[in-house]
Amino acid sequence: MISWIHPGLVICLGGFLIPFIPWPKVKKAYFLLLPVAGLTILVLTSMGTFGTIPPWPAALHKWNVPFLQYTLDIARINKLSILFAYIYVIAAFCMNIYALGVKNDWEHVAAMIYVGSALGAVFAGDLFTLFFCLEIMSWAPFFLLLFRGTKKAMGAAFRYILWHHFSGICILAGILIHLNLSGSIEFAHMPWGWGGKYLGSNLMLLGFIINAATTPFHSWLSDTYSEATPSGSVYMTAFTTKTAIFCLIVTFSGVPLLMWLGAIQSVFALFMAVLENDGRRLCSYHIISQIGYMVAGVGMGTEMGINGAASHALCHIVYNALLYMGAGCALVVVGTAKFNRLGGLYKYMPIAFWLYMVGGFSISGFPLFNGFISKAMTIEAAEFIQRPIIYLLLEGATVGTFLHTGLKLPWNIWLQGREEPPPDIRSKLNDSALNTPVHMLIGMGILAFLCIFMGVYPKILYDMLPYPVEYVPFTVTRVFSITQMFVFTFLGFWFLRKLVRGYPTYVLDTDWLVRMPGGLFIKFCKVPLIAFGSYLDKQIMKVAETFIVSIRSPNIEARLTPMAIGFGVLVSLLLLSVFLFLKI
Amino acid sequence: MNKLRTYPRSQFWKLYYACLVVSLILDLFWLYTHVFHYHFSFQYLPQFFALFGLFGCMLLILIAKGMGIFIVVDEDYYQKKSRGLN
């Protein structure tokens, strides 16, 4: 009897077979089948085929493997991990449909390793397994970036891996210090505070908040996600940051620092998004902003806050993939997602526009869309604990989110008050309303359906959350206040719409503080250090030449013998004195 | 399905103005009939969410534009910097 099959392992190892399938149709079917296989295992697990899942936070433990003097808990199945796993495989299925047109099989392999390792991380019950899965997770997007093939993407790939190695080292150092102090490798709630006693916890926290793109460590996300391949970036939106949120929920729920960092992050990213000219970079800033809600919810630590963070993570995966797909459609069809070059695409891509708008309404938190049922829960959690500043920051972020994803992006890509796109873009479009590839529209359509379905019928999500949900999202107060807020946000946008137009510019972010000294260091290595090296080289050569000249002189033996004896005595005396010094 | 159509501009504006007026009236009506249940006293100010949406959005844009003076650079800023290194 098989105790359990790890869906992550099935997807990860199954992915390696993709390039070796010779028949294109079978290959595509197999690629879609991998997440379906994962989903089947999860459904069987939920139905109790492998044992009953106990109420949160208790868990079902499978696959215990001895490692050194420890036991690795590779499969810890609880309500939270199964919830994240479900959404990972469902999102992966939609993303695979979207990516069906990709010709490079190895891109599919990288994506499947990414999905599989993310599943490995959410089912990890010990810190070593978690670290191992997080490390694999950091490499898969590196390849998704490299496969774009541009010089910019290559630079972004190396920066990505540097950031994630840094966070990985922090997590590993934290794990080792924690292990040394507590003797436990269990992936569970960590003690947190200031001072040396909590160094291990703080290092782990630092690693997780870098992975979660929390301000001020958020810039790796906006820098790199927009440089990946169109379908690669869709995968990247879902897994790394949400797994970091999962880790934060498990280890650092109730840490007040996180509540403040999250609230600040949710607003800060929006200021950057106002200035952004690239559709995918704008969506990246919205990932950062939305993660702010989750981090704040984790920081609040109440049952409602945790439920809000978990449910928002799940809803976010769905609508954000949809947003990236929408912006990616423009990139695939007309070759750019830059606002200054677009506008007036509606006539030629109306279905992509409306599907994108479902994502835009969802992320903004419109009633009857899935963002509403999760975001409102986190905001109300801040109201319940009587934190007016946190509440205002999160509510303000809602306004900004609608401004950008619901208004600025669709206005700049599809509308801009024009009926026709600029001539260079128009020449790339057919005289048809169906310029977007059908497989992309199907992928987007499924996600759009999920956004509305979860928004209309939140019970399906609420029943899966770790804590029992008593929250009722559709109250007159909440529905009316948010609708009125959006109606007037539109008015503000309309007054200032000329200010949010795209210009061919680049917005410097906090990574400037790292990239500039890094650049200067390379410059130092390339110019003064190399010059110093060649100067030293020359001097040594001069000494050597002098030495050779003296060796060739006829009476050298008479001059060198006393010198050599003297030198030998000196070295012996030095060694003797060092030995005596050490001995004493 | 394949027929080319422009976006429904006039219908949108009619719907929008209707929403605007209805939201202003409903806010006052429900506020004074005590339908709303907020957690903070400032949320009970008349038209609080309308003002929050309008001024929040405008402030966000204006502050960001102000920040832009310092942080907006040429599109190939980092490429130029790295070319300088080679």
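Not measured: the values here are computed from a predicted model. Every chain is numbered on its own, with residues counted from 1 as its sequence reads. To read the labels, note that chains go from A and ligands from 1, taken in the order they are written. Only residues with pLDDT of at least 70 are given local features in this predicted model, and only at 80 or more are side-chain atom pairs given and counted; all residues enter the totals for whole chains, interfaces and linings. Think of the side-chain values as coming from all heavy atoms in the structure, minus any hydrogens and water.

S.K.: Got a minute to help me understand helix 4 (residues 105–122) of chain A in this structure?
M.R.: Spacing of three or four residues puts side chains on the same side of an α-helix, whose turn is 3.6 residues. Residue and element names in this part refer to chain A. In this model, helix 4 (18 residues) spans 26 Å end to end at C-alpha, consistent with the 26 Å of a helix rising 1.5 Å per residue. The rule is simple: take the accessible area with a 1.4 Å probe, protein chains only, and divide by the maximum for that residue type; under 20% is buried, over 50% is exposed, in between is partly exposed. Only DSSP runs of H or I covering at least 4 residues are called helices, and only runs of E covering at least 2 are called strands; the numbering of each starts at the N terminus. Summarising burial for helix 4: 17 of the 18 residues are buried, a large majority. Two N or O atoms count as a polar contact when they lie within 3.5 Å, although within protein this holds only if one can serve as hydrogen donor and the other as acceptor, and sequence-adjacent residues are included solely when both atoms are side-chain atoms. The backbone nitrogen of Trp106 has a side-chain oxygen 3.0 Å away, supplied by the residue at the start of helix 4, namely Asn104. Helix span, expected: 1.5 Å multiplied by one less than the number of residues in the helix.

S.K.: Before we go on, may I ask you to explain the pairing of strand 1 (residues 60–67) of chain A in this structure?
M.R.: As a general feature of sheets, a regular strand has side chains that alternate between the two faces. Residue and element names in this part refer to chain A. At least two DSSP bridges between two strands are needed for those strands to be called paired. Of the strand pairs in this sheet, strand 1 and strand 2 (residues 70–77) are connected by 7 bridges, and their pairing is antiparallel. If you follow Phe67 over to strand 2, its bridge partner there is Tyr70. Connecting strand 1 to the next strand, strand 2, in antiparallel fashion are 2 residues, including Leu68 with a positive phi near 50 degrees.

S.K.: Please explain the interface of chain A and chain B as it appears in this structure.
M.R.: By a widespread convention, an interface's size corresponds to the accessible area lost as its parts come together. Tallying the contact residues gives 68 residues for chain A and 56 residues for chain B. Buried area: the accessible area, evaluated with a 1.4 Å probe, that two parts lose upon being put together, summed over both parts. In total, about 5,600 Å² of surface goes out of reach between chain A and chain B, with carbon and sulfur atoms giving 75% of it. When the buried surface of chain A facing chain B is broken down by residue, Phe271, Phe480 and Phe488 of chain A rank first, second and third, together holding 11% of it. Whenever Lys or Arg places a side-chain nitrogen within 4 Å of a carboxyl oxygen from Asp or Glu, that contact is recorded as a salt bridge. Counting across the interface, chain A meets chain B through 1 salt bridge. Any two residues having at least one pair of non-hydrogen atoms within 4.5 Å are treated as being in contact.

S.K.: What's the story with the environment of Pro466 of chain A in this structure? I'm lost.
M.R.: Residue and element names in this part refer to chain A. With respect to the element layout, Pro466 can be found in the loop between helix 18 (459–462) and helix 19 (476–495). Judged by relative accessible area, Pro466 falls into the buried class, the value being 6%. Separated by 385 residues in the primary sequence, Pro466 and Ser81 have C-alpha atoms spaced 9.4 Å apart. When neighbours within four sequence positions are excluded, Pro466 is seen to be in contact with Trp56, Lys79, Leu80, Leu83, Asn307 and Ala310.

S.K.: What am I meant to see in the confidence of the model for chain B here?
M.R.: With 93% of its residues at a pLDDT of 70 or more, chain B shows a mean pLDDT of 85. Residue-level confidence of the predictor, termed pLDDT, takes values from 0 up to 100. No element of chain B has a lower mean pLDDT than helix 3 (residues 77–85) of chain B, at 75, and none a higher one than helix 2 (residues 48–71) of chain B, at 93.

S.K.: Looking at this model, I keep getting lost on the packing of helix 15 (residues 388–415) of chain A against helix 2 of chain B. Mind explaining?
M.R.: Every angle, taken between N-to-C directions, lies between 0 and 180 degrees, and every axis is a line fitted to C-alpha atoms, over only the stretch in contact when it is a helix. Following both chains from N to C, one finds helix 15 of chain A and helix 2 of chain B inclined at 70 degrees, their axes separated by 9 Å at the closest point. Compared by their axis directions, helix 15 of chain A and helix 2 of chain B come out roughly perpendicular. Seen from above, helix 15 of chain A lies across helix 2 of chain B with right-handed handedness. From helix 15 of chain A, Tyr391, Leu392, Glu395, Gly396, Val399, Gly400, Leu403 and His404 of chain A reach across to helix 2 of chain B, where they touch Phe48, Phe49, Phe52, Gly53, Gly56, Cys57, Leu60 and Ile61 of chain B. Residue composition of the contact of helix 15 of chain A with helix 2 of chain B, by class: 10 nonpolar, 5 polar and 1 charged. Should an angle fall under 35 degrees it is taken as roughly parallel, and over 145 as roughly antiparallel, whereas 65 to 115 is taken as roughly perpendicular and any remaining angle as oblique. Crossings are assigned a handedness: left-handed for a near helix turned anticlockwise from the far helix by less than a right angle, right-handed for a clockwise turn. In the scheme used here, Gly and all other residues not listed as nonpolar or charged are polar, with Ala, Val, Leu, Ile, Met, Phe, Trp, Tyr, Cys and Pro taken as nonpolar and Asp, Glu, Lys and Arg as charged.

S.K.: Sorry if this is basic, but what is going on with the nonpolar core here?
M.R.: Proteins that are soluble and globular tend to have nonpolar side chains buried together. Residues and elements named next belong to chain A. By nonpolar core is meant a set of buried Ala, Val, Leu, Ile, Met, Phe, Trp, Tyr and Cys residues that side-chain atoms within 4.5 Å join together. By size, the foremost hydrophobic cluster in this structure holds 218 residues, and its most contacted members are Phe84, Tyr114, Tyr235, Phe239, Leu248, Leu345 and Trp414. Ranked by residue count, the leading element in this core is helix 12 (residues 303–334), at 19 residues. Apart from residues no more than four positions distant in its own chain, Leu248 is found in contact with Leu205, Phe208, Ile209, Ala212, Ser253, Leu258, Val295 and Val298.

S.K.: Would you explain the packing of helix 12 of chain A against helix 17 (residues 438–456) of chain A in this entry?
M.R.: When two helices pack together, their arrangement is given by the angle between the helix axes and by the axis-to-axis distance. All names here are of chain A. Where helix 12 meets helix 17, the closest approach of the two axes is 9 Å, and the angle between their N-to-C directions is 150 degrees. Regarding the angle of helix 12 to helix 17, the classification is roughly antiparallel. Helix-helix and strand crossings are classified by hand; for helix 12 and helix 17 the assignment is left-handed. Judged by residue contacts, Cys315, Val318, Tyr319, Ala321, Leu322, Met325, Gly326, Cys329 and Val332 of helix 12 engage Met440, Gly443, Met444, Leu447, Ala448, Leu450, Cys451 and Met454 from helix 17. Here the residues of the contact of helix 12 with helix 17 sort into 15 nonpolar, 2 polar and no charged.

S.K.: Honestly, the environment of His164 of chain A in this entry has me stumped. Any pointers?
M.R.: Residue and element names in this part refer to chain A. With respect to the secondary-structure elements, His164 resides in helix 6 (residues 151–182). Classification of His164 by relative accessible area gives buried; the value is 3%. The spatial distance from the C-alpha of His164 to the C-alpha of Met137 is 9.3 Å, given a sequence separation of 27 residues. If sequence neighbours within four positions are ignored, His164 has contacts with Glu135, Ser138, Asn211, Trp220 and Thr240.

S.K.: How should unusual backbone geometry be read in this particular structure?
M.R.: Residue and element names in this part refer to chain A. Here the amide bond leading from Thr215 into Pro216 is cis, since omega sits at 10 degrees, within 30 degrees of zero. Secondary-structure assignment places Pro216 in the loop between helix 7 (199–211) and helix 8 (219–225). With a phi close to 55 degrees, Trp63 is a non-glycine residue in the positive phi region. Its location among the elements puts Trp63 in strand 1. Residue Trp63 is classed as partly exposed on the basis of its relative accessible area, which comes to 29%. The backbone phi angle of Leu68 is positive, close to 50 degrees, even though this residue is not glycine.

S.K.: What is the right way to look at a nonpolar patch on the surface in this model?
M.R.: Residue and element names in this part refer to chain A. Taken together, the side chains of Leu9, Leu13, Phe16, Leu17, Phe20, Trp106, Trp139, Phe143 and Phe147 present a nonpolar region at the surface, about 890 Å² in accessible area. Looking at the nonpolar patch, the elements that each hand over two or more residues are helix 1 (7–15) and helix 5 (127–146). By secondary structure assignment, the location of Leu17 is in the loop between helix 1 and helix 2 (24–46). On the accessibility criterion, Leu17 (47% relative accessible area) is partly exposed. Note on patches: the residues involved have over 30% relative accessible area and no salt bridge, like charges join within 9 Å, and the nonpolar side chains Val, Leu, Ile, Met, Phe, Trp and Tyr join within 5 Å. Per-residue accessibility takes into account occlusion by the displayed protein chains alone, with areas from the Shrake-Rupley method and a 1.4 Å probe.

S.K.: How do you make sense of the packing of aromatic side chains when you look at a structure like this?
M.R.: Here the distance between the centres and the angle between the planes together describe a pair of aromatic rings. Centres within 6.5 Å make a pair out of two Phe, Tyr or Trp rings, where for Trp the six-membered ring is used; the pair is then stacked when the planes are under 30 degrees apart, edge-to-face when over 60, and tilted otherwise. Applying the stated criterion across every chain, the model contains 58 aromatic pairs over all chains. Between the aromatic rings of Phe12 of chain B and Trp13 of chain B, the centroid separation amounts to 5.3 Å while the plane-to-plane angle is 70 degrees, which identifies the pairing as edge-to-face. An angle of 75 degrees between the planes, with centres 5.2 Å apart, marks the rings of Tyr38 of chain B and Tyr44 of chain B as edge-to-face. In this structure Tyr44 of chain B comes out as partly exposed when scored by relative accessible area, which is 35%. Put simply, the rings of Tyr391 and Phe480 of chain A together with Trp30, Phe36, Tyr38, Phe40, Phe42, Tyr44, Phe48, Phe49 and Phe52 of chain B touch in pairs and so form one group of aromatic residues.

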